[in-house]
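Descriptive analysis of the structure
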Amino acid sequence: MIYYHGHSEKELLINNYQKSRYGFTCLFFTDNKELAECYGNNILSLCIPIYKKIDFGNKISHSAEFRNLIYKLRNENNKTVAIENVYDRPNDDYILHKGTIVVVFDIEIIKNRI
């Protein structure tokens, strides 16, 4: 399946030294292209293998529960995780979009796909 990552950089350079807002390297994708476009006009589209799936139960990503889940999944050494049934938006200026959020913890998995 194709997942999307919206960004504003002219060229998205992916390396293991860039940190996410969580303080460690990972990239977020979604199956909802409209949601990805909220994060930036440049869209990276990739087919990403999913190693684990979680149902988030139609809850919003801007929560302590979601943040704690991300830390837990990283500490379990997951490569990629699809978190299904998530409502997300970059900030309060945008409407909520429902989708699957794919978290890529092992950047090597996508480096050769770009």
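Relevant structure appears above.
Now for a description of the structure that goes with this document. (Residues numbered from 1 in each chain as written. Predicted model: local features only at pLDDT ≥ 70, side-chain atom pairs only at ≥ 80, totals over all residues. Heavy atoms only, no water.)

Looking at the pattern of salt bridges
The tally for this structure, following the rule as stated, stands at five salt bridges. A salt bridge links Lys59 to Glu65; its shortest N-O distance comes to 2.6 Å. A salt bridge links Asp92 to Arg89, with the shortest nitrogen-to-oxygen separation between them at 3.1 Å. Its relative accessible area of 68% is what places Asp92 among the exposed residues. Since its relative accessible area comes to 18%, Arg89 is described here as buried. One continuous salt-bridge network, built from bridges that share partners, spans Lys52, Lys72 and Glu76. (Salt bridge = Lys/Arg side-chain N within 4 Å of Asp/Glu carboxyl O. Buried < 20%, exposed > 50% of the residue type's maximum accessible area, 1.4 Å probe, protein only.)

Side note on the side chain of Thr80
Position of Thr80 among the secondary structure elements: in strand S5 (residues 80-88). Accessibility expressed as a relative area gives 0% for Thr80, which makes it buried. At 3.1 Å, the side chain of Thr80 forms a polar contact with the backbone nitrogen of Tyr51. Residue contacts for Thr80: discarding those within four places in its chain leaves Ile48, Pro49, Ile50, Tyr51, Lys52, Val103, Val104 and Ile109. (Helix = DSSP H or I, 4+ residues; strand = E, 2+ residues; numbered from the N terminus. Polar contact = N/O pair within 3.5 Å; in protein donor to acceptor, adjacent residues only side chain to side chain. Contact = heavy atoms within 4.5 Å.)

Some words on the state of the cysteines
Summed over all chains, the structure comprises zero disulfides. Its sulfur unpaired, Cys26 is 19 Å from the next cysteine sulfur, which belongs to Cys38. The structure places no disulfide on Cys47, whose sulfur is separated from the nearest cysteine sulfur, that of Cys26, by 20 Å. Judged by relative accessible area, Cys47 falls into the partly exposed class, the value being 38%. (Disulfide = S-S within 2.5 Å.)

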